[in-house]
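Here's the letter readout for the chains.
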Amino acid sequence: MPAKPKSGQAPSAPDLSGAAVLKQLERIVSSPDLRVSERGRGFLHYVVEETLAGRADRIKAYAIAIEVFGRDETFDAQNDPVVRIEAGRLRRALEYYYLAAGTDDPILIDIPKGGYVPTFALRRKEKGAEPQVPGAPPSKVSYTHGGLSSYAIATLGLVIVVLLAFLFWRDTDPGPVAGDTLEASLPREPVLVVAPFVGLGKEDTAKLYAARLTEEITAQMARFRELTVLGRETTATLAPIADQQRLQGELGVDFLVEGSVRTSSNRIRVTARLIDTSNEAIIWVQSYDDDIEAQDLLEIETDIASQMAMAIAQPYGIIFRPESTRPTNNPPAEMSAYRCTLEFYAYRRSPSEAKHRDVRDCLERAIARYPGYATAWAMLSHLHTDEARLEFNPRQGQGAAIDRALEAAQRAVALEPRNVRALQAQMLALFYAKRDEEALEIGERALALNPNDTELLGEFGTRVAQSGDWQRGLDLIGQARARNPGYAGHYSGLMAACAYMMGDVEQALVHLRQADPSKWLYYYGFAAMIYTDLGMVSEAAEARERFQGLRPQFFENLEAELLKRNFKPADRERLREAGMRAGFIQPDPVN
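Here goes a summary of the coordinates provided. Source: prediction; values computed, not measured.

### Overview of the environment of Leu562
Reasoning step 1: Here Leu562 lies in helix H22 (residues 558-564).
Reasoning step 2: If sequence neighbours within four positions are ignored, Leu562 has contacts with Phe567, Arg572 and Leu575.

### So, the pattern of salt bridges
Pairs can form between side chains of opposite charge whenever their charged atoms are close.
Reasoning step 1: Enumeration according to the criterion identifies 28 salt bridges in this entry.
Reasoning step 2: Across the pair Lys568 and Asp436 runs a salt bridge whose closest N-O atoms are separated by 2.4 Å. Taken as a pair, Lys568 in the loop between H22 and helix H23 (569-581) and Asp436 in helix H15 (residues 436-449) lie far apart in primary sequence, 132 residues in all.
Reasoning step 3: The class of Lys568 is partly exposed, set by a relative accessible area of 25%.
Reasoning step 4: Ionic contacts of the salt-bridge type, sharing partners, join the residues Glu50, Arg55, Arg58 and Glu67 into one network.

### So, the pairing of strand E6 (residues 255-264)
A regular strand places its side chains so that they alternate between the two faces of the sheet.
Reasoning step 1: Extensive coverage of E6 is indicated by the burial of 8 of its 10 residues.
Reasoning step 2: Relative to E6, strand E3 (residues 191-194) runs parallel, the two sharing 3 bridges. Looking at the pairing, Leu192 lines up with Phe255 of E6.
Reasoning step 3: When strand E4 (residues 198-200) meets E6, the two strands line up parallel, connected through 3 bridges. Considered in E6, the bridge of Leu200 is made with Arg262.
Reasoning step 4: Pairing between E6 and strand E7 (residues 267-276): 10 bridges, direction antiparallel. Each bridged residue has a counterpart across the sheet, and for Ser264 the counterpart in E7 is Arg267.

### Some remarks on the nonpolar core
Reasoning step 1: If you look at the biggest cluster of nonpolar residues, it comprises 90 residues, and the most contacted ones within it are Tyr500, Leu512, Met529 and Tyr531.
Reasoning step 2: Broken down by element, the residue count for this core peaks at 10 residues, all from helix H14 (residues 420-432).
Reasoning step 3: The residues contacting Met529, other than those within four sequence positions of it, are Tyr500, Phe555, Leu575, Ala578, Gly579, Ala582 and Phe584.
Reasoning step 4: Counting residues in hydrophobic clusters, the runner-up holds 36 residues, among them Val48, Val68, Val83 and Leu94.

### Structural notes on the side chain of Asp386
Reasoning step 1: Within the fold, Asp386 resides in helix H12 (residues 374-390).
Reasoning step 2: You can call Asp386 buried: its relative accessible area is 3%.
Reasoning step 3: What Asp386 contacts, discounting residues up to four positions off in sequence, is Tyr347, His356, Glu391 and Phe392.

### Some thoughts on unusual backbone geometry
Reasoning step 1: Backbone geometry places Asn393, a non-glycine residue, at a positive phi of 45 degrees.
Reasoning step 2: Note that Asn393 resides in the loop between H12 and helix H13 (401-415).
Reasoning step 3: A relative accessible area of 11% places Asn393 in the buried class.
Reasoning step 4: Positive phi outside glycine occurs at Lys434, with the angle close to 65 degrees.
Reasoning step 5: Position of Lys434 among the secondary structure elements: in the loop between H14 and H15.

### A short note on the packing of aromatic side chains
Reasoning step 1: Evaluated as defined, the whole model comprises 16 aromatic pairs.
Reasoning step 2: Look at Phe43 and Phe69: their rings are 5.9 Å apart centre to centre, the planes differ by 70 degrees, and that puts the pair in the edge-to-face class. Here Phe43, found in helix H2 (residues 38-52), pairs with Phe69, found in the loop between helix H3 (61-67) and helix H4 (82-99); they are 26 residues apart in sequence, far enough to count as distant. Exposure class is identical for Phe43 and Phe69. Each is buried.
Reasoning step 3: Residues Phe431 and Tyr432 carry aromatic rings whose centres are separated by 5.7 Å and whose planes lie at 75 degrees to one another, so their mutual orientation is edge-to-face.
Reasoning step 4: When its relative accessible area of 9% is taken as the criterion, Tyr432 is described as buried.
Reasoning step 5: Site record: aromatic cluster; members linked through ring pairs are Tyr522, Phe547, Phe554, Phe555 and Phe584.
Reasoning step 6: Of note, Arg39 hangs over the ring of Phe69, and the distance from its end group to the ring centre comes to 4.6 Å.

Definitions and cut-offs
- Residues numbered from 1 in each chain as written.
- Predicted model: local features only at pLDDT ≥ 70, side-chain atom pairs only at ≥ 80, totals over all residues.
- Heavy atoms only, no water.
- Helix = DSSP H or I, 4+ residues; strand = E, 2+ residues; numbered from the N terminus.
- Contact = heavy atoms within 4.5 Å.
- Salt bridge = Lys/Arg side-chain N within 4 Å of Asp/Glu carboxyl O.
- Buried < 20%, exposed > 50% of the residue type's maximum accessible area, 1.4 Å probe, protein only.
- Pairing = 2+ DSSP bridges.
- Core = buried A, V, L, I, M, F, W, Y, C linked by side-chain atoms within 4.5 Å.
- Phe/Tyr/Trp six-rings, centres within 6.5 Å; stacked < 30°, edge-to-face > 60°.
- Lys NZ or Arg CZ within 6 Å of the ring centre and 35° of its normal.

Here it is, written out as C-alpha cells:
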C-alpha cells in the first residue's frame, strides 16, 4: 500500500507509470479475491509485463500458449481454445476482484474482449479523459468511483453522479478443455447480474435512489460466494430491460435481478423481481415500501438490499432451492459440483445418515475434479464434523473424523480466506475440537464479512450458546429465524433449547411448538424434558419414547455425548438432572 505522506505534506496523486502498474499487478495476483488458478495469474503477469515492455504486438494466442501454458510449436488456436477460455476466466476474475477486494485500488487493469492486450486506467472521481500507459492501446473504458459507493450525498438536491463504466465481455465457459490441469478451472456456479433499477416519475431523486440501490444490491449479493455476481461495470452496460440473448450468449448469465424505484411525497416504493434467463420465467417478485421521513434514506436502501440478498442469494434462498434450479440430465452418481452444494443444503435442512453418505461421496468426487473449489472443501469439512458428533457413516483407518474436518476446513480457508462457508466450517471443526476461543473468534470474523448469511448466523449462534452464553446464542438464532422464516422449523428448536437451558421453561414450550421434528434432531429429547417440567405427563412419555427410538444410546452415554459436543460442566449437570426427571436416566440405587 502507498506510504502515508509526512505531516503537512499532501498525499501524492496516483500515476500510471510502469512501476505503479506493476505494483497494482502484484496487489491483484496476491489477493485471494482473484479467483483464478496459478496459470491464470501467470497469464495476467505475462500480458501486463509484455505490454509495459513495449511488446504488446507480440501478445497473441500462439505466444501465450507457448510461453505461459507450456504448449509446443504445434499449437493450433483454431482447434485448441485454451487461451480464449482462460482469458474469459481472467476477465471475470478481474471484474470480481474490483467488486470485492479492489474497490479502492487506484489503478484499473482490464483485458478487453477481442484480444489479450491489457489496458490500464486511473480510478477517478471526476469526469475527464483517462490517462493511459505510453505504448498501450487506447482504453475503451472509464470509471467513476466514490459518488455512488461512498453514499456521500447529504441532501436530495445533490447532482446525480452518473456511473460511467466499461464493458467486461464474458466468454461462455464450456468446461475443462484438453490439456487443462485440474487446478486450471473451478466448477461453474450460478451467474447473477443486477440490471440498473429504473427511477419512475418525473423527480430526479427517484433516478438517484435507483442508481444507488442498484450498486448496493450488487454489493450485498457479491458477499455470497456460492454465486458469481457480475460487477457494477457490467451492470452499467445493461439496459433497464436487458437483452436476454446478450445475457445468456455473451455474458453467460443465469439469473437477472431487475426492478424500479418510485418516490412520492415522503414515500419510497421499490419493486424487484428475479428472472431465470433460460426461459425468461419470473421466479420471485417482491415490493418494499417505506417512509423517507421516518427513517434515514441510506438505511432504507441498505435494508432493502439486505432483504433482497437474503431472499435470493443466501444458501436457503430462491436460487438454491432445488425446485428453482435448472434440471440436470446427469444421474445422481455423476452430479455436477454445483449440484453437490444443493444436495448439501438439502441435507442440512433435514439431516440423515443416508443423505450424509450420498452428499459426502458427491463432494469427494467434486474436489477430485476441482481441488481448488473452496466451498466444496468447506462442505466436506461439515460432513466430517457430523461424522464425529453424530456418528454418521464412520470411516475406519482414516484418522479421527474431527481431524479430517479441521484439515478440510483449513484447506478451504487457505484457498479463499474470505469465503464465509470456509470460515464457518473452520469455526465448527475448531469448536468440536474443544478450541472454543479460536472457534468463536473465527465466527465473529465470518459474520462481519456477511451478516446477511443466515446459515452462518444460526450456526454461530448455536456455538455461542453451547459455549455457555445462552442468551446471546438465543438472540443470534432469533435473528436467523427472523431473516429466514423458511428455516424456522430448525431455528425454533434451537431457541427452545436455549430458553430451557436458561430456566425459562414456558418460553421454551412456545419455541418448541414452532419447531419441526424432522428439522431438528433433538426435538423429542428436549420436548420430553420441557413437558416433564411443566407437568404434561402424557406428552412427556410420548416424546421420551420417540426419542429413545431414534437415539437409544444418547442418554445411556450422556456424559460422553455432551463432552463430545463441548457442553460446559454446569450445563452437563443441568441436562443430566433434567434427563433423570424425564425418565431417560434411572437414579443411582441408594446403598
